[in-house]
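As a plain string of letters, each chain reads:
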Amino acid sequence: MTQRLVVVGGDAAGMSAASQARRLQPAERLEIIAFERSSWVSYSACGEPYYVAGLVEPIERLVARTPERFAADDIAVRTRHEVMAIDLDRRVVQVTDLDGGNSAEYGFDLLMIATGATAERPQIDGRHLPEVQELRTLDDALRLRTLAEQRQGRVTVVGGGYIGLETAEAFKHQGWEVHVVTSGRSVLEKTLDTDMGDSVVKAMEHIGIEVTTETRVTCIAGDGRVEAVGVGDDLAPTDLVVLGLGSRPEVDLARDAGVPLGETGAIAVDDRQRTTIDGVYSAGDCAEALHRVTGRPCNLHLGTIANKAGRVAGFTIGGGDKRFPGVLGTAITKICGIEVASTGLRPAEALEAGFDPVVGDAEGTTTAGYWPGASPLKIRAVSDRSSGRLLGAQIVGGSGGAKRIDVFATAIWNGMTAEELAWTDLAYAPPFSGVWDLIHIAARRAAS
């Protein structure tokens, strides 16, 4: 008997699940149909700011697999189709064709919820003006690229997270005046301590991006189009506003259907990506994952997590036996020439989780100090005082520095202590590091 799998959401988690399930089950045993409300599936959201900047083109280069490619594997993909409701009792989804306007019901035996995350929008006047944009999907990227190239002006980016800062740099690259406004004490507050974030602010200001911290945007003003933003008590002229306030799990559809949510507000799943509803699975930005350091559920919006968790869901759906082992939240980016990376817990998070954090800082250069082109590098390692266990790390510095975060992520993943990492046999040559890599030095200081 053929079963039908319906996938709600056609990006990383959803299509990873569909592809893995197909590898395990042929079409005569498992029919797969995926619904995606945007115009694209299986694309790199992380590459969108670089498309806006004009560094990547055409936009199709950000697409990993097209609907036609999925069709060759007997996976039916319906773009511009939005799932409006899920009826778990009748085992049907209600789907609207956004172009044709028609609605239809599709039955399912198995359901994969991969609705992802949605951008936070401030509840302020003017937020619905046409020049107030966000950057989540490829459709958003197309709009922003068009705006960036049609004219030049002044853009205000609201928020100091990864997407906001990468978008700010993209518009600077296109010749715009750029102003970043964040309510945080510095930028990247969810991944970096304030002093580490301040190094990023300096790099942004060095190329002419204005950064205002500890200030909220109070309104967006304009008669039919954006003319200014309220920055604290001041009204600052602007031609465009890009919201980069972060994202929240998009769980309305699941919640309204009766799928239980977890303590983070995302969909609760086990390590096989199963919800508590028989035959219903979830993964990606809309679902919880287990943090390997705290042992608690978390909800992190990273493509790395979505792809891996989606693959596990596909194994489970297809009858395989894989378990998702958890996350550390490892992330990396480059902003205005400075590389940034983090993994695990920051000191404040470690304290909140019940640890007694020890911080080890190491400052030096990306290569041996005498090597041509050596650039500044700072590493912060965090350990637990009583056990010595590594808990987290942050890196800010020049080219070639940030991928050191993978050493910390591997060590934390495997439960190593700071002392053990301090003696690890890492490679050395002057073009790459000093004889004592800053990894060793930061770990040694966190161990003392």
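As a reminder, the structure under discussion sits directly above these lines.
Residues numbered from 1 in each chain as written. Predicted model: local features only at pLDDT ≥ 70, side-chain atom pairs only at ≥ 80, totals over all residues. Heavy atoms only, no water.

J.: I tried to follow the overall build of the protein chain on my own but got confused; where do I start?
T.: From N to C terminus, the protein chain includes 12 helices and 25 strands. Along the first, second and third principal axes, the C-alpha atoms of the protein chain reach 65 × 55 × 40 Å. When burial is assessed residue by residue, the protein chain has 53% of its 448 residues classed as buried. In the protein chain, once contacts between residues fewer than 6 apart in sequence are set aside, the share between residues at least 24 apart is 64%. (Helix = DSSP H or I, 4+ residues; strand = E, 2+ residues; numbered from the N terminus. Buried < 20%, exposed > 50% of the residue type's maximum accessible area, 1.4 Å probe, protein only. Contact = heavy atoms within 4.5 Å.)

J.: Is there a simple way to think about the sheet that holds strand S24 (residues 376-384) in this case?
T.: Pairing in this open sheet of five strands is antiparallel, and the strands run S21-S22-S25-S24-S23 from one edge to the other. Both outer strands of the open sheet, strand S21 (331-335) and strand S23 (357-365), are each paired with one neighbouring strand and no more. Neighbour-to-neighbour, the strand axes of this sheet turn through a mean angle of 10°, independent of strand direction. In the sheet, strand S22 (residues 338-344) pairs with strand S25 (residues 390-397) via six bridges, with the strands oriented antiparallel. Among the inter-strand pairings, Ser342 is bridged to a residue of S25, identified as Gln394. Strands in contact with helix H5 (residues 162-173) are S21 and S22; relative to S21, the strand with the most contacts, it is inclined by about 25°. (Pairing = 2+ DSSP bridges. Axes fitted to C-alpha atoms, helices over the stretch in contact; angles between N-to-C directions.)

J.: Is there a simple way to explain the sheet that holds strand S5 (residues 92-97) in this structure?
T.: Sheets are built from strands that pair by backbone hydrogen bonding, the pairs being arranged parallel or antiparallel. In spatial order, the strands read S4-S5-S6; together these three strands make up an open sheet with antiparallel pairing. Every other strand in the sheet has two partners, leaving strand S4 (81-87) and strand S6 (103-107) as the edge strands with one partner each. Along the sheet, successive strands turn relative to each other by an average axial angle of 30°, direction set aside. Bridge count between S5 and S6: five bridges; the pairing is antiparallel. Bridging across to S6, Val95 finds its partner in Ala104.

J.: Quick question: what am I supposed to make of the pattern of salt bridges here?
T.: Opposite charge on two side chains lets them pair, provided their charged atoms get close. Counting across every chain of the model gives 32 salt bridges. Between Arg255 and Asp252 there is a salt bridge whose closest N-O contact spans 3.2 Å. Of this pair, Arg255 and Asp252 both sit in helix H7 (residues 252-257), separated by three residues, roughly a single helical turn. Residue Arg255 is classed as partly exposed on the basis of its relative accessible area of 41%. One salt bridge connects Glu263 with Arg296, and the closest N-O pair in it is separated by 2.4 Å. Highlighted residues: Glu263 in the loop between H7 and strand S18 (280-282) and Arg296 in the loop between strand S19 (289-290) and strand S20 (297-298), separated in sequence by 33 residues. We classify Glu263 as exposed; its relative accessible area is 55%. Where salt bridges share partners, they join Asp193, Asp195, Asp361, Lys378 and Arg380 into one cluster. (Salt bridge = Lys/Arg side-chain N within 4 Å of Asp/Glu carboxyl O.)

J.: I keep staring at the state of the cysteines and nothing clicks. Help me out?
T.: Scanning the model with the defined rule gives zero disulfides in all. Cysteine Cys46 is unpaired, with the sulfur of Cys286 as its nearest cysteine sulfur at 17 Å. (Disulfide = S-S within 2.5 Å.)

J.: When you look at the environment of Arg29 in this model, what are you seeing that I'm missing?
T.: In this fold, Arg29 is placed in the loop between helix H1 (12-24) and strand S2 (30-36). Separated by 81 residues in the primary sequence, Arg29 and Leu110 place their C-alpha atoms 12 Å from one another. The residues touching Arg29, leaving out its near neighbours within four places in the chain, are Met1, Thr2 and Gln3. For Arg29, the side chain forms a polar contact with the side chain of Gln25, separated by 3.4 Å. (Polar contact = N/O pair within 3.5 Å; in protein donor to acceptor, adjacent residues only side chain to side chain.)

J.: Honestly, a nonpolar patch on the surface in this entry has me stumped. Any pointers?
T.: Residues Tyr370, Trp371, Trp423, Tyr428, Val435 and Trp436 make up a contiguous nonpolar surface patch of about 780 Å² in total accessible area. Relative to the elements of secondary structure, Trp371 occurs in the loop between S23 and S24. Exposure remark for Trp371: the relative accessible area of 37% places this residue in the partly exposed category. (Patch = residues over 30% accessible without salt bridge, like charges linked within 9 Å, V, L, I, M, F, W, Y side chains within 5 Å. Areas by Shrake-Rupley, 256 points an atom, 1.4 Å probe, with all protein chains shown as cover.)

J.: Explain the side chain of Thr212 to me, please; I cannot follow it from the model alone.
T.: With respect to the helices and strands, Thr212 occurs in strand S12 (residues 210-212). Its relative accessible area of 17% is what places Thr212 among the buried residues. There is a polar contact of 2.7 Å between the side chain of Thr212 and the side chain of His179. Apart from residues no more than four positions distant in its own chain, Thr212 is found in contact with His179, Val180, Val181, Thr182 and Val231.

J.: Quick question: what am I supposed to make of the pairing of strand S16 (residues 240-243) here?
T.: Each regular strand carries side chains that alternate between the two faces of the sheet. Here S16 shows two buried faces, one formed by Leu240 and Val242 and the other by Val241 and Leu243. Note: strand S9 (residues 132-134) against S16, three bridges, orientation parallel. Each residue of the ladder has a partner; that of Glu134, found in S16, is Leu243. When strand S10 (residues 154-158) meets S16, the two strands line up parallel, connected through four bridges. If you follow Thr156 over to S16, its bridge partner there is Val241.

J.: Quick question: what am I supposed to make of the nonpolar core here?
T.: Proteins that are soluble and globular tend to have nonpolar side chains buried together. Of all hydrophobic cores here, the largest spans 43 residues; its most connected members are Phe171, Leu188, Val200 and Met204. Those residues in contact with Phe171, other than ones at most four positions away along the chain, are Val52, Leu144, Ala148, Val155, Trp176, Val178, Leu240 and Val242. (Core = buried A, V, L, I, M, F, W, Y, C linked by side-chain atoms within 4.5 Å.)

J.: Explain the side chain of Glu36 to me, please; I cannot follow it from the model alone.
T.: Relative to the assigned elements, Glu36 resides in strand S2. Buried within the structure, Glu36 lacks any salt-bridge partner; its nearest side chain of opposite charge belongs to Arg37, at an N-O separation of 5.6 Å. Among the polar contacts made by the side chain of Glu36, one reaches the side chain of Ser38 at a distance of 2.7 Å. In this view, Glu36 contacts Gly9, Gly10, Asp11, Val41, Arg78, Thr79, Arg80 and His81; residues no more than four positions away in its chain are not counted. (Lys, Arg positive; Asp, Glu negative; His and termini not counted.)

J.: Which parts of the structure should I look at to understand unusual backbone geometry?
T.: The phi angle of most residues is negative, glycine excepted, and most peptide bonds adopt the trans form. The linkage connecting Glu57 with the following residue, Pro58, adopts the cis geometry, with an omega of -5°. Here Pro58 shows up in the loop between helix H2 (48-52) and helix H3 (67-71). A positive phi is found at Ser42, a non-glycine position, where the angle reads about 50°. Mapped onto the elements of the fold, Ser42 is located in the loop between S2 and H2. With a phi close to 60°, Asp74 is a non-glycine residue in the positive phi region. Tracing the backbone through its elements, the reader meets Asp74 in the loop between H3 and strand S3 (75-79).

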